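The primary structure of each chain is shown beneath.
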Amino acid sequence: MRITIIGAGEVGRTIVATLADLHEVVVIDRDEQIVEELTYAYDVLAIHGDGRDVETLREAEIDRADLVIACTDDDDVNTVICATVTMISDAFTVARVRHRTLFETWNDRPDAFGVDFMICTNSLTAEAVLRISGLPAALEVDTFANGLVRMAAFEIAAQSPFVDRPVREIDLDESVTIAAIFRDDEVVLPTGETVLRSTDRIVVIGSASGVTNVANRISLSSRSPTDEVVIAGASEIGFRIARLFEEHDYHPQVIEPDPDLARTAAEALPRTTVLEGDPADIEFLEREHIEDADIVIAALPDDERNLLVSLVTRQFGVGETIAIVEDSEYTELFGTAGVDVTVNPREETAEEIIRFTRLIPTEKIVLLDRERAEVVEIVITEESILADSEIRDSMSSLPDGVIIGAIARTGELVMPRGTTVIRPGDHVILFVDTDILEEVIEVI
């Protein structure tokens with residue numbers, strides 16, 4: 001496809017890096033230095049200009065574009081870009097927005113704004129936090145096939161019962177597969193003889209209950225709506241996280257330093273206890289017995305404050321800390337400092353957008369370990385190399401670095417075995433090493 005990306009911030013650059021080798025990519029940005037950097041770093045056409053300007057769009061030959069992605073950091077700008085593109089091109093338009101107002105308007109009226117598909121960063125982030133919160137010790141959680149299949153990533157701690165044991169001895173539920181292991185800079189596709197080591201990060205795919213059992217065994221704990229959830233911050237993301245927890249029968253607490261935001265949240269969240277205060281104030285936290293919290297979610301609009309809140313609450317011995325990190329360069333720092341899980345809104349957004357660019361009929365895509373691998377959901381067609389043959393035969397036509405993690409067939413989970421025959425219409429969840437992604441796309 002010919003894809004035009006307007007806005008080369010963190011989201012835009014992630015999309016460019018993923019797509020440059022697979023598609024004809026055009027990038028438009030108002031920062032001349034960024035345009036120059038992209039020109040030298042990737043095989044793309046980079047144009048200095050404003051994506052709202054018709055002449056800039058014509059310079060980018062927008063009439064040839066199949067897909068236009070507006071992903072600047074300004075919601076209104078992205079909406080105007082899509083409206084402008086619609087006037088002069090038949091391209092499919094995607095707009096990234098952060099706040100709910102535009103997204104809810106578009107959701108009610110999909111023909112609004114000239115936007116074919118709208119992605120709300122804050123909603124995606126809140127949903128990611130909820131998924132991760134539901135599984136103790138999980139670094140990343142996602143679902144496929146309308147929730148039938150779950151994928152989770154875990155780091156093996158030194159005291160874990162899995163350490164120094166081969167995969168065949170772990171006695172996993174039959175509905176679960178360990179699809180891959182991230183070990184230092186290596187991606188390992190495990191066999192029954194592969195021995196798990198401390199600090200390995202494993203990717204598990206299977207039924208929701210099976211993956212939950214793995215999480216409970218790794219962490220030696222479980223999750224339920226009786227857990228005490230504390231959310232630091234009642235701005236857009238924090239509010240949305242609290243609302244989602246309410247919808248899943250939790251009664252969270254929100255700590256918000258701004259009196260107006262605290263009052264608004266208290267009025268809008270009937271099952272949430274809203275406290276006005278500083279979530280990094282030790283005396284305040286002592287009075288509110290923060291040590292009883294099972295999860296503390298730092299969702300303030302500032303990365304440094306989220307790190308501080310996470311570290312302070314860790315000192316009280318809370319069960320788990322989850323932090324929103326806007327700048328991906330800080331992610332490693334948060335982990336080194338002891339924060340259990342980080343969620344990056346821009347990465348969540350980039351994953352959702354990249355799904356639209358696949359040459360194969362991809363239903364969903366999740367990027368793992370800084371884009372070293374992907375888990376993708378594919379609907380099998382009659383022309384697919386996987387159709388109507390046993391997995392042990394069809395896999396021989398695929399390069400090394402591909403694992404079939406699960407199959408969803410007419411609403412039921414089918415765990416893949418060598419003799420399993422994949423049928424047209426099946427939803428297949430694949431783990432794919434990014435290095436061979438292009439080769440897989442060509443043959444699948």
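Residues numbered from 1 in each chain as written. Predicted model: local features only at pLDDT ≥ 70, side-chain atom pairs only at ≥ 80, totals over all residues. Heavy atoms only, no water.

A. Looking closely at the overall build of the protein chain. Helices and strands together make up the secondary structure of the protein chain, namely 15 helices and 24 strands. Against the 2.2 N^0.38 benchmark of 22 Å for 444 residues, the protein chain shows a C-alpha radius of gyration of 23 Å, consistent with a compact globule. Counting only residues that meet the buried cut, the protein chain has 54% of its 444 residues in that class. Of all intrachain contacts in the protein chain linking residues separated by at least 6 positions in sequence, the fraction that spans at least 24 positions is 60%. As displayed, the protein chain has an accessible area near 19200 Å², and 45% of this comes from carbon and sulfur atoms. Here the protein chain contributes 36 positive and 89 negative side-chain charges, whose respective centroids are spaced 3 Å apart. (Helix = DSSP H or I, 4+ residues; strand = E, 2+ residues; numbered from the N terminus. Rg over C-alpha atoms; globule rule 2.2 N^0.38 Å. Buried < 20%, exposed > 50% of the residue type's maximum accessible area, 1.4 Å probe, protein only. Contact = heavy atoms within 4.5 Å. Areas by Shrake-Rupley, 256 points an atom, 1.4 Å probe, with all protein chains shown as cover. Lys, Arg positive; Asp, Glu negative; His and termini not counted. Charge placed at Lys NZ, Arg CZ, Asp CG, Glu CD.)

B. View of the pairing of strand β13 (residues 253–256). Residues Gln253 and Ile255 point to one face of β13 and Val254 and Glu256 to the other, with burial holding for every one of them. Taken together, the three bridges between strand β12 (residues 229–232) and β13 define a ladder with parallel strand orientation. The residue of β13 that forms the bridge with valine 230 is glutamine 253. With helix α8 (residues 236–247) bridging β12 and its parallel neighbour β13, the resulting β-α-β unit is right-handed. Note that β13 and strand β14 (residues 273–276) share four bridges and pair parallel. Bridging across to β14, isoleucine 255 finds its partner in leucine 275. Of the crossover connections in this fold, the one passing from β13 over helix α9 (residues 259–268) to the parallel β14 is right-handed. (Pairing = 2+ DSSP bridges. Right-handed = clockwise from strand over helix to strand, strands pointing away.)

C. View of the pairing of β12. Of the two faces of β12, the one lined by Val229 and Ile231 and the one lined by Val230 and Ala232 are each fully buried. Bridging between β12 and strand β15 (residues 295–298) involves four bridges; their strand directions are parallel. Looking across to β15, one finds that alanine 232 is bridged to alanine 298.

Fair warning: the whole summary comes from geometry, so function is off the table for now.
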